[in-house]
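# An overview of the molecular structure
Residue-level listing of the chains:
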Amino acid sequence: MGEILGAWCDRCGEAVDTGTHPGCAAARALEPPRYCAHCRRRMKVQVLPVGWSAVCVEHGELRG
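In this report, the structure presented in the accompanying data block is examined. (Residues numbered from 1 in each chain as written. Predicted model: local features only at pLDDT ≥ 70, side-chain atom pairs only at ≥ 80, totals over all residues. Heavy atoms only, no water.)

### Regarding the side chain of Ser 53
When you line up the elements, Ser 53 lands in strand E2 (residues 51-56). Filtering out sequence-adjacent residues up to four positions away, Ser 53 remains in contact with Lys 44, Val 45, Gln 46, Glu 61, Leu 62 and Arg 63. (Helix = DSSP H or I, 4+ residues; strand = E, 2+ residues; numbered from the N terminus. Contact = heavy atoms within 4.5 Å.)

### Side note on the pairing of E2
In regular strands, side chains alternate between the two faces of the sheet. Within E2, five of the six residues are buried, leaving the element largely enclosed by the surrounding structure. Relative to E2, strand E1 (residues 44-48) runs antiparallel, the two sharing five bridges. The residue bridging Val 45 from the neighbouring strand is Ala 54, located in E2. Taking the residues that link successive antiparallel strands as the turn, the E1-E2 hairpin has two residues. Sheet analysis places E2 next to strand E3 (residues 60-63), joined by four bridges and oriented antiparallel. Paired with Cys 56 across the two strands is Gly 60, which belongs to E3. Taken together, E2 and the strand that follows it, E3, pair antiparallel across an intervening segment of three residues. (Buried < 20%, exposed > 50% of the residue type's maximum accessible area, 1.4 Å probe, protein only. Pairing = 2+ DSSP bridges.)

Okay, here's the thing in structure tokens:
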């Protein structure tokens with residue numbers, strides 16, 4: 001994920017329009033998202049040897 005898609009940062013959970021989130025952008029290259037970018041809910045994240053999965057109870061699953 002190279003960019004934030006939605007109203008909320010998928011790493012820190014803050015509003016996207018509060019700034020550029022440089023720390024979040026750098027971490028996103030190595031870490032799975034922690035918050036749903038659509039509703040700001042904390043997601044259930046599982047890191048696997050071959051990738052990761054993150055589940056929002058409202059918007060479903062993401063994989064990477």
